[in-house]
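Spelled out from the first residue to the last, the chains are:
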Amino acid sequence: MKKVIMGNHALSYGAMLARSEVIAAYPITPQTQVVELLSEMCADGTLHAKFIKVESEHSAMAACIGASLAGARTFTATSSQGLALMHEMLHWASGGRHPVVMGNINRSMAPGWSIWTDQNDSLSQRDTGWMQFYCASNQEVLDTTIQAFKVSEALYIPSMVILDAFALSHTYEVVDVPDQAVVDRFLPRFKPYARVTPDEPHAFNGLTGPENYFELRYKLQKDMERGPALIEETGLEFERLFGRRLRLVDDYLCDDAEIILVTSGTAGYTARVAVDQMRKAGLKVGNLRMRVFRPFPFDACRRILPKAKKIAVVDRNISYGHHGMFAQEVKSALYQHAGHPPVFSFIAGLGGRDITPGTFREVVDYTKAHETPEDNILWIGVKK
Amino acid sequence: MKKVIMGNHALSYGAMLARSEVIAAYPITPQTQVVELLSEMCADGTLHAKFIKVESEHSAMAACIGASLAGARTFTATSSQGLALMHEMLHWASGGRHPVVMGNINRSMAPGWSIWTDQNDSLSQRDTGWMQFYCASNQEVLDTTIQAFKVSEALYIPSMVILDAFALSHTYEVVDVPDQAVVDRFLPRFKPYARVTPDEPHAFNGLTGPENYFELRYKLQKDMERGPALIEETGLEFERLFGRRLRLVDDYLCDDAEIILVTSGTAGYTARVAVDQMRKAGLKVGNLRMRVFRPFPFDACRRILPKAKKIAVVDRNISYGHHGMFAQEVKSALYQHAGHPPVFSFIAGLGGRDITPGTFREVVDYTKAHETPEDNILWIGVKK
Amino acid sequence: MKKPKKMTMTLPAEEYVGSGNLACQGCGANLALRYVLKALGLRTILCIPACCWAVIDGAFPHSCVSVPIFHCAFETAASSATGVKAGLEMIGDHETTVVAWAGDGGTFDIGLQALSGAAERNDNIIYVCYDNEAYMNTGIQRSSATPYGAWTTTTPVKFFKDQPKKDIDAIMAAHSIPYQATASIAFPEDLIKKMKKARDIKGTRFFHIYAPCPTGWKSRPEDAVKLARMVVQNGIFPLYEVEHGEKYTLNIKVKDKKPIDDYFKLQGRFRHLKPEHLQAIQAEVDRQWARLLKKCEQS
Amino acid sequence: MKKPKKMTMTLPAEEYVGSGNLACQGCGANLALRYVLKALGLRTILCIPACCWAVIDGAFPHSCVSVPIFHCAFETAASSATGVKAGLEMIGDHETTVVAWAGDGGTFDIGLQALSGAAERNDNIIYVCYDNEAYMNTGIQRSSATPYGAWTTTTPVKFFKDQPKKDIDAIMAAHSIPYQATASIAFPEDLIKKMKKARDIKGTRFFHIYAPCPTGWKSRPEDAVKLARMVVQNGIFPLYEVEHGEKYTLNIKVKDKKPIDDYFKLQGRFRHLKPEHLQAIQAEVDRQWARLLKKCEQS
Amino acid sequence: MPKKKDATKIVFESEKDVPMMPMSLGSMLFNKTGSWRNIRPEIKLEECIQCGICWKFCPDMSIEIENEWPVVDYDFCKGCGICAEECPTKCIVMVEERK
Amino acid sequence: MPKKKDATKIVFESEKDVPMMPMSLGSMLFNKTGSWRNIRPEIKLEECIQCGICWKFCPDMSIEIENEWPVVDYDFCKGCGICAEECPTKCIVMVEERK
Amino acid sequence: MIEIRFHGRGGQGTVVASKILADALAKEGNYVQAYPEFGVERRGAPVFSFIRIDAKPIYDKSRIYAPDHVVVVDPTLVEASDVTEGLKDGGWIIINSDKPPDHFKFPAKFRVATVNATGIAVKHKLGTLAAPIVNTAVAGAIVRLLKLTKLESLLAAIKEAISIKPEDNQKAAAEAYEKVAAYMK
Amino acid sequence: MIEIRFHGRGGQGTVVASKILADALAKEGNYVQAYPEFGVERRGAPVFSFIRIDAKPIYDKSRIYAPDHVVVVDPTLVEASDVTEGLKDGGWIIINSDKPPDHFKFPAKFRVATVNATGIAVKHKLGTLAAPIVNTAVAGAIVRLLKLTKLESLLAAIKEAISIKPEDNQKAAAEAYEKVAAYMK
Ligand SMILES: Cc1ncc(C[n+]2csc(CCOP(=O)(O)OP(=O)(O)O)c2C)c(N)n1
Ligand SMILES: Cc1ncc(C[n+]2csc(CCOP(=O)(O)OP(=O)(O)O)c2C)c(N)n1
Ligand code: SF4
Ligand code: SF4
Ligand code: SF4
Ligand code: SF4
Ligand code: SF4
Ligand code: SF4
Ligand SMILES: [Mg+2]
Ligand SMILES: [Mg+2]
């Protein structure tokens, strides 16, 4: 059934349709509507779940982990500072193999205080062992939330569903809300292979010496590596049931492209608009929107990107002292690869500065004009 | 004056000789001796500093930031979980341009609980805007701590001085403790360009809209980029005063090497031993120990590494869903580069599993035997 | 026009909070800081965590306040203030008063641990909590300072807050800090008197200021001061001070304690409450009021 | 050999803590959990944050305890327990008792906020703090539970702890939780009685168990139980319970309260204290003792 | 601190003008919050007893005292109505804003 | 839970044997803490009044009760001396460990 | 694709107008995107909201800088701010006002229409006298003027979206729909 | 490079022995590396500590698996654990014991020496009767037996490193230094 809803509510609907059983969350702009709607759903019985109104995000994630270990399906949502405060517990969720699903609204990190979008909050969690899905529309937010539960519970690895502040979180779009019965078919009840219970007592997450820790973490990585195939697979199953395919990457006109833009989040959709404009102007440009960042879609990148003469990665984030994170990882992914086009690493839109079709035209103009980038980082839109 | 001291005490001496004025720290194995000695030094007046015995690491970093903004030189030390709990405040320290210096003892992230070394704790902070120095000896720990203050206060960017759990933290080595007068010459009093004071009232770190945030963060990156040169420079000045050179990277027999090992931390020294052994056996192997990871030493890597036929990066860390972080960043650094040797990405020693000269012989044997790596990650020492 | 007789001014004339700020119409939090700075003056540093005041102050590169501010992370009001104070001491400034200025969420919930730690160490700071009884800056979510029965966006009418307000004052008293007090924006003279007293005491000092929020309480802006007065007169928020966690003194003696009903009627956040709820609340208020009087007598 | 008369057993016979554990000789914390599980039995889940017990339990893939354990992050004992309880409820297990089992550091300091949050929500868990008065697992650093005068590695003799022990019991009483109690490993019968009582109450329940640590206190292992007895008899650590934050009941009535000196003499951590220190401490103990008796009378 | 008195909004031309740290350089006086007002207070001075209560309780420092009489600063008055509500002689009335 | 009774130390052959989660699969009984002991308790049963106090206060569950008499389990007794200290009849003596 | 910018004041719930419009248009299979100003909203302070409308999916997630039309929900904003900023030539300026269009002086390249949404709202007792809720009336005028959709769809949308006094709101929308017709050439 | 492993019990401060040795050797310009077992130490439980000695800088930071010599600080550990694990052929097994070396049965490829460090410590009132502190005595024996350094350096190191009863510790070290000589071939 079609509804006009904001991105935050798309998250709430996703969590509701997934029949989340325990929700522990703490408010933060621009995430608040997610929890507000969920607490209403719990109040009026639309959703049968325990909503724990914790006193901080650190406790939110701790409670989710506990509930997940007890065998319940758990959900939370946060943003920026809240996500950062969870950092220790993010490691905990992945290392303990607790398949929590979390929505994160991309918001720039303070200081100075900013409530506007960029990806530094979620991308500085790239090493915590969570899967990361970057969404470009409210529909994708809802669909991805449901898919994330399925993938997480299959791999025992937690997932982050990520959307841009305001540009999605507070923007109303037409969303097809799937009906519960079909979702239930796609996503059956959570039945963990081990849980904390007196019926079969185990001690979980205890002291682990050098003789065993390595193997446990090796397993985590191996399961991560099963991720890409599983995401494509469940994405196909999702299409069969709901008519919408969920893929690792969303490649647009890349086959014959001389320049491929690598993008993510809402900027990844805005880029399509720019591509259409430039195609009209006779420029062979394509757009590869990365929907999944963890596990990193090595094969997809290696299959699609080398076709181009040049690659222009547009990062709405930065690893200070290095460069944009998508650019960094795309390069390392293509490093060993035969065809090995130059990668231009652009940074734009930090702190919520708008990214428009014009941004991408600027990016392509530069890329066209240069054989190789003149610098590690190419800044777009800084008032220099 | 020569002393036989443990790595943790080398940190304490470094902070003491730097005349740290405010120390806020929280205990955690294997860091405790750092704070224990410092609190003794404060007690018996060896060090004139305020020691704030906070109730958590989050507060430790918050207090350091406050003290730094007030104009004091501040120091703290932590490890693993404690570092992770600081995560939000790490962003704060860099974004607010507070030149705090912190010692971090590399300890694996829970769960399961581990007190043994690997680099996932510090490397999962690589995107927080801190400089990162990886040490291989107690002498280097002490020297680096002093250098870190100098570089941090010049750039207004905080620094992390990093050492391996036990292999350095609890290991006694001979350390030349420089004398105070000379250190004072190298490191004058901290005089920040702005501080929080009624004498010139400003509001710091407040709400910052999309029209300004981008420029502030651009400046942070630009100053980060000044780091490598400044580190080499101060490293030379340090040599003039103390006879020990502090460099970005420590390259050992790389000039004529066919295979260059890329290493860090104590493993970076153990690798030297293996290199000597293999050289005796007629193998042209070299070792590039990365002393600085942030700011990433692009030029040094691009100057030294392409000489080799093959590069073997040995990571004692992993970004789950991608691969070893040194390997990842080395690849992205060399990507654009002309000579472009295959990079083998090895992972070893997670959770404190020992890394021995044999580990590196194994690494080199594999690298010799293969044209290119058979997989994104090559695991050494996992009980498969 | 009548010949000018002197204008009565019962507060210090100086203003340290400037106009043009971003507070809503009739914001109690705005008045709270205005009064506190009148008491403390220019040699004051504020540490303000995330809260409405982080917005009220204005956006970079602007600020509406005449004293320096360290805008700090949400959970760090106390630890940031402790750090600033330590830093000042080390560079030789022993005189400046360092104030942690936080909302109820930043105090009762996410900042409680840092506050408790500072209090245990008896760090030399003044911690002020302006209490508007919810997370307002993020759009009215429940905090542990939200009173029983109140609507917020996370305690919907069907599911209104069913826990009592956390008793932060008793918690701080349990820390035996040298000085703590409650205050209300409707009694600025009392507030300023106590704040001046606190300024000259060493160690951790704690203030709990009642600051109505028209936006969050669904009340009329013009009622802000009135509500802050009623809440004192009906005994829901008595004004008292505690020394060393033991010596209780009632500052505003309420002769005939008013019933709570009018206070509740003026606020949309309570509209859904039934008479039986109000009776229960009245009973609890009376009980707590009696307890407080006892404490005051006994000390 | 004499004909066997029945062996007197004043505690339940079942053991749920196993031998082979990694506790030091004469570890009070070890006894504390032994007694608690005797009271609660097998349908119990423990949430244990970083603390000595995270080590005592043994290393993966081993555990010395017969009930399930969730080893959780240091600051999350309460929030983890809350989460586990919520999860159990949702999958239909309404019977299992969920216990947060933390040390004093994990309770008084880094875990206080999570505990306070759970108490405010009145989450249905039992929170037990075994108090050995310092961070022992990391090698004896001060916590806010460390008593005035004590040496620790971060409060060196020259600079011994000069703040009093944080009054966690008063802090929890300020939260008006349904039930809370103090206990000592020297009085297991009392401990078990109260723990059984608590098990059948709904909401947040809090226990504060005195658990001597020979290693950290520089005392003789064989004195562990003795010290836990003395501390009750000299009034430093009275055994009492509080209901709804108001009703105080003294459980172990001490007729002739002993002086504190012998207790201090047996512990290396106090060796440096001068007579005047001890007198001051004695005076404070007497004062607090009187306050407690008053509370008990009045309720 | 002359900076603080500056009523004009600071707009940076380039990242060069932006300070290194996020720090304030000017006041909020450029922000004429009078434009938020939907009702305006008007003081009938003839009934005013100069008790100073309106000044005391104005959250926006918008009651100024000019030679001993209260004067509303309409540049900043947000129209909350507290002054009118608290005025003992009710000599402040709130009227429809005619912008 | 038979696993828990297992006294042998579990050593994994390969990562395949390692469970996915860090979780316990065996007891600590393989860890014979008796080897930590430097002094050992010896019970003079003739003076024992069977009060059960030694059993009650043993932190290591190393006083067992065999047909109503206390018996020390030297496999695990760490030699803390609490039993001897607490025994009302002082019929437990701690003696130098002769290993 | 049509892009419209709304000028209102904090507390008037200007975004509701665009949201209702979005609902109505979605009903007829349009793709829509409606969003408030990104930032802090204060009661009484001038605010914007925006809407994008298209027959095919809308991929552009950037903000609207050059609207096809603007709607001024609060007449006092006509002086208080530059409502024509970025407005495309030939674009409508729809003002909630009891004055006739020619009362407002705008460059000839723009088309001006007024609708007394406040009057209509008051008449149907929407909101309070001090703060009438004009969103539905405004929406009615827009729908008619820009020929965006059938009145029915708007009324249906109002029914679903508005919980308080849905009927009166429908009436207001319908009345505005009629009244505004005058200006259509 | 010489590598030595110490076998002791938690609480005996076995690492102190290796630390003092390190101090002494450093005095003569040697490079040393001394470290305790990596992990949790419990009073009474068997523990190790290690030391590496070389004339040139020591870059090997890996753990010691094949020591040149072992020192058994607590005699009860001879049975309790395999002290010869990884021990190199011809390596010394130095045992704190009042028994003669031949009392202990070891493969012929190892050399055995005993020194009654406990007796010496007790004699010089180091530590308590129950827990005598034997580290300095043990160190004395090692220095002599392995010809690592001059006694003077050891005594100097003890003076600096040991705050409680430095002289008595020096005496103990010296006495052990003498007594152990017997076994040197
Ligand atoms: C770690 C973290 N979590 C959440 C937030 C979002 N946040 C900012 S202010 C606020 C509410 C503050 O409430 P309170 O302290 O009562 O101050 P008020 O806004 O009511 O004035 C929240 C939840 C944040 N900034 N940081
Ligand atoms: C975030 C974090 N900081 C620090 C530590 C290190 N740590 C582990 S246990 C412990 C002390 C625990 O003290 P307490 O709670 O009193 O328990 P005890 O060890 O005394 O039994 C500390 C500081 C940690 N594990 N996590
Ligand atoms: S929301 Fe409430 S507290 Fe915040 S500024 Fe507005 S009135 Fe003041
Ligand atoms: S240190 Fe203390 S508390 Fe910890 S195990 Fe040893 S005796 Fe028990
Ligand atoms: S409150 Fe009324 S009477 Fe008093 S000064 Fe103001 S206007 Fe005059
Ligand atoms: S209406 Fe409000 S803001 Fe305006 S003067 Fe009166 S009190 Fe001040
Ligand atoms: S304590 Fe003594 S008397 Fe009592 S049972 Fe044990 S041995 Fe017998
Ligand atoms: S000595 Fe200690 S461990 Fe051994 S039996 Fe007695 S009480 Fe138990
Ligand atoms: Mg609030
Ligand atoms: Mg403790």
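Residues numbered from 1 in each chain as written. Chains lettered and ligands numbered in written order. Predicted model: local features only at pLDDT ≥ 70, side-chain atom pairs only at ≥ 80, totals over all residues. Heavy atoms only, no water.

### Quick look at the sheet that holds strand β3 (residues 97-103) of chain D
Strand order across the open sheet formed by 9 strands is β9(A)-β2(D)-β1(D)-β3(D)-β4(D)-β6(D)-β5(D)-β7(D)-β8(D), with mixed pairing between neighbours. The outermost strands of the open sheet, each flanked by one partner alone, are β9 (203-204) of chain A together with β8 (247-250) of chain D. Alignment of β9 of chain A against strand β2 (residues 69-71) of chain D, held across 2 bridges, turns out to be parallel. Bridge assignment links A203 of chain A to a residue of β2 of chain D, and that residue is I69 of chain D. (Pairing = 2+ DSSP bridges. Helix = DSSP H or I, 4+ residues; strand = E, 2+ residues; numbered from the N terminus.)

### Comments concerning the interface of chain B and chain A
Contact with chain B, which involves 83 residues of that partner, is made by 83 residues of chain A. The largest per-residue losses of area from chain B upon contact with chain A belong to F214, Y320 and Y335 of chain B, which jointly make up 13% of the total buried on that side. Inspection of the chain B/chain A interface yields 6 salt bridges. The partner of K383 of chain A in a salt bridge is E215 of chain B, with the nearest N and O atoms 3.8 Å apart. On inspection of chain B and its partner chain A, the count reaches 58 residue pairs in polar contact (both at pLDDT 80 or more). The set of elements that each furnish at least two residues to the side of chain B that touches chain A consists of α4 (80-85), α5 (87-95), α9 (213-242), α11 (298-304), α12 (325-334) and β15 (343-347) of chain B. At 10 residues, α9 of chain B tops the list of elements feeding residues into the side of chain B that touches chain A. Grouping the constituent residues of the side of chain B that touches chain A by class yields 35 nonpolar, 31 polar and 17 charged. (Contact = heavy atoms within 4.5 Å. Buried area = accessible area lost by both parts, 1.4 Å probe. Salt bridge = Lys/Arg side-chain N within 4 Å of Asp/Glu carboxyl O. Polar contact = N/O pair within 3.5 Å; in protein donor to acceptor, adjacent residues only side chain to side chain. Nonpolar A, V, L, I, M, F, W, Y, C, P; charged D, E, K, R; others polar.)

### Considering the interface of chain E and chain A
If you look at the interface, chain E gives 6 residues, while chain A gives 5 residues. Summed over both sides, the interface between chain E and chain A buries roughly 330 Å², with carbon and sulfur atoms accounting for 63% of that surface. One can count 0 salt bridges joining chain E with chain A. Along the contact surface separating chain E from chain A lie 1 residue pair in polar contact (both at pLDDT 80 or more).

### Examining the sheet that holds strand β5 (residues 101-106) of chain A
The 7 strands lie next to each other as β3-β2-β4-β5-β7-β6-β13 (chain A), forming an open sheet whose pairing is mixed. Sheet topology places β3 (50-52) and β13 (292-294) of chain A at the edges, where each strand pairs with a single neighbour. Ignoring which end each strand starts from, the neighbouring axes of this sheet average 20° apart. Where helix α3 (residues 77-90) of chain D meets the sheet, its contacts fall on β2 (22-24) and β3 of chain A, and the angle it forms with β3 of chain A comes to roughly 170°. (Axes fitted to C-alpha atoms, helices over the stretch in contact; angles between N-to-C directions.)

### Some points on the coordination of the magnesium ion (ligand 9)
Six octahedral donors at a metal ideally form angles of 90 or 180 degrees, and four tetrahedral donors ideally form angles of 109.5 degrees. Residues and elements named next belong to chain C. Every protein donor of the magnesium ion (ligand 9) is listed here as D104 (OD), N132 (OD1) and A134 (O), and their distances to the metal cover 1.9 to 2.1 Å. For the magnesium ion (ligand 9), all donor residues lie on one chain, and their spacing in sequence is D-x27-N-x1-A. Placement of the pair is D104 in helix α4 (residues 104-109) and N132 in the loop between β4 (126-131) and α6 (168-173), with a sequence separation of 28 residues. Residues D104 and N132 agree in their burial class; the two are buried. (Donors = N, O, S within 2.8 Å, 3.2 Å for Na, K, Ca; no water. Buried < 20%, exposed > 50% of the residue type's maximum accessible area, 1.4 Å probe, protein only.)

### A few points about helix α3 (residues 77-90) of chain C
Residue and element names in this part refer to chain C. Between its terminal C-alpha atoms α3 stretches 20 Å, which fits the 20 Å expected from 14 residues at 1.5 Å a residue. Within α3, 14 of the 14 residues are buried, which leaves it mostly tucked inside the rest of the structure. Looking one or two residues past α3, G92 carries a phi angle of roughly 95°, positive in sign. (Expected span 1.5 Å × (residues − 1).)

### A few points about the side chain of S124 of chain B
Mapped onto the fold, S124 of chain B is located in the loop between α6 (120-123) and β6 (131-134). Polar side-chain contacts of S124 of chain B include one of 3.3 Å to the backbone oxygen of D121 of chain B.

### Describing the side chain of N138 of chain A
Residues and elements named next belong to chain A. Considering the arrangement of structural elements, one finds N138 in helix α7 (residues 138-155). A relative accessible area of 0% places N138 in the buried class. Within the structure, N138 has its side chain in polar contact with the backbone oxygen of T171 (distance 2.8 Å). With sequence-adjacent residues up to four places away left out, N138 is seen in contact with I5, M6, G7, A10, L168, T171, Y172, E173 and V175.

### Observations regarding the domain arrangement of chain E
According to the domain assignment, chain E contains domain 1 (1-31) and domain 2 (32-99). One C-alpha centre belongs to domain 1 of chain E, the other to domain 2 of chain E, and the line joining them spans 30 Å. (Domains from an automatic or database assignment.)

### So, the coordination of the magnesium ion (ligand 10)
Distances from the magnesium ion (ligand 10) to its protein donors, namely D104 of chain D (OD), N132 of chain D (OD1) and A134 of chain D (O), fall within the range 1.9 to 2.1 Å. When the donor residues of the magnesium ion (ligand 10) are listed from N- to C-terminus, their spacing reads D-x27-N-x1-A.

### Focus on the nonpolar core
Ranked by internal contacts, the top residues of the largest apolar core, which has 336 residues, are M61 and F75 of chain A together with M61 and F75 of chain B. Residues L227, V231 and I260 of chain D together with F57 of chain F belong to the second largest nonpolar core, which totals 93 residues. (Core = buried A, V, L, I, M, F, W, Y, C linked by side-chain atoms within 4.5 Å.)

### Remarks on unusual backbone geometry
Following R294 of chain A, the chain continues into P295 of chain A via a peptide bond in cis, with omega recorded as -10°. Relative to the helices and strands, P295 of chain A is located in the loop between β13 and α11 (298-304). With an omega of 0°, the peptide bond running from T29 of chain B to P30 of chain B counts as cis. Within the fold, P30 of chain B resides in the loop between β2 (22-25) and α2 (32-43). The phi angle at R19 of chain A is positive, at roughly 55°, despite the residue not being glycine. Looking at where R19 of chain A falls in the secondary structure, it is placed in the loop between α1 (7-17) and β2. At K165 of chain H, a position not held by glycine, the phi torsion is positive, near 50°. Considering the arrangement of structural elements, one finds K165 of chain H in the loop between α5 (151-161) and α6 (166-180).

### Things to note about the packing of helix α7 (residues 138-155) of chain B against α9 of chain B
All names here are of chain B. With their axes 10 Å apart at the nearest point, α7 and α9 run at an angle of 135° to one another. The orientation of α7 with respect to α9, classified from their angle, is oblique. Pair α7 / α9 crosses with right-handed handedness. Between α7 and α9, the contacting residues are D143, I146, Q147, K150, V151, A154 and L155 on the first element and D223, R226, G227, L230, I231, T234, G235, E237 and F238 on the second. Residue classes in the contact of α7 with α9 are distributed as 7 nonpolar, 4 polar and 5 charged. (Parallel < 35°, antiparallel > 145°, perpendicular 65-115°, else oblique. Left-handed = near helix turned anticlockwise from the far one by under 90°.)

### Some points on the relation of the copies chain B and chain A
Under the fitted operation, chain B is carried onto chain A by 0.0 Å of movement along the axis and a turn of 180°, and the coordinates agree to an RMSD of 0.0 Å. Both copies are brought into coincidence by an operation consistent with a two-fold rotation axis. Residues of chain B ranked by C-alpha distance from the rotation axis are headed by S332 of chain B, positioned 2.4 Å from it. Most of the interface of chain B is mirrored in chain A: 100% of its interface residues are interface residues there too. (Least-squares fit on C-alpha atoms with pLDDT ≥ 70 in both.)

### Description of the packing of α3 of chain D against helix α5 (residues 112-121) of chain D
Residue and element names in this part refer to chain D. Contact pair α3 / α5: the axes reach a minimum separation of 7 Å and the direction vectors enclose 40°. One element, α3, and the other, α5, form an angle in the oblique class. Touching A78, S79 and T82 of α3 are A114, L115, A118 and R121, all from α5. Residues that form the contact of α3 with α5 fall into these classes: 4 nonpolar, 2 polar and 1 charged.

### With respect to the confidence of the model for chain E
A residue-level look at chain E finds 92% of positions with pLDDT of 70 or above and a mean pLDDT of 92. Across the interfaces of the predicted complex, the ipTM metric reaches 0.98, alongside a pTM of 0.98. (pLDDT = per-residue confidence, 0-100.)

### Some thoughts on the pattern of salt bridges
Considering all chains together, one arrives at 150 salt bridges over all chains under this definition. A salt bridge links R291 of chain B to E140 of chain B, with the nearest nitrogen and oxygen atoms 3.6 Å apart. A residue pair is termed long-range when its members are at least 10 positions apart, and R291 of chain B in the loop between β12 (285-290) and β13 (292-294) and E140 of chain B in helix α7 qualify at 151 residues. Taking relative accessible area as the criterion, E140 of chain B reaches 9% and is therefore assigned buried. Each of E140, D250, R272, R289 and R291 of chain A takes part in a single network of salt bridges with overlapping partners.

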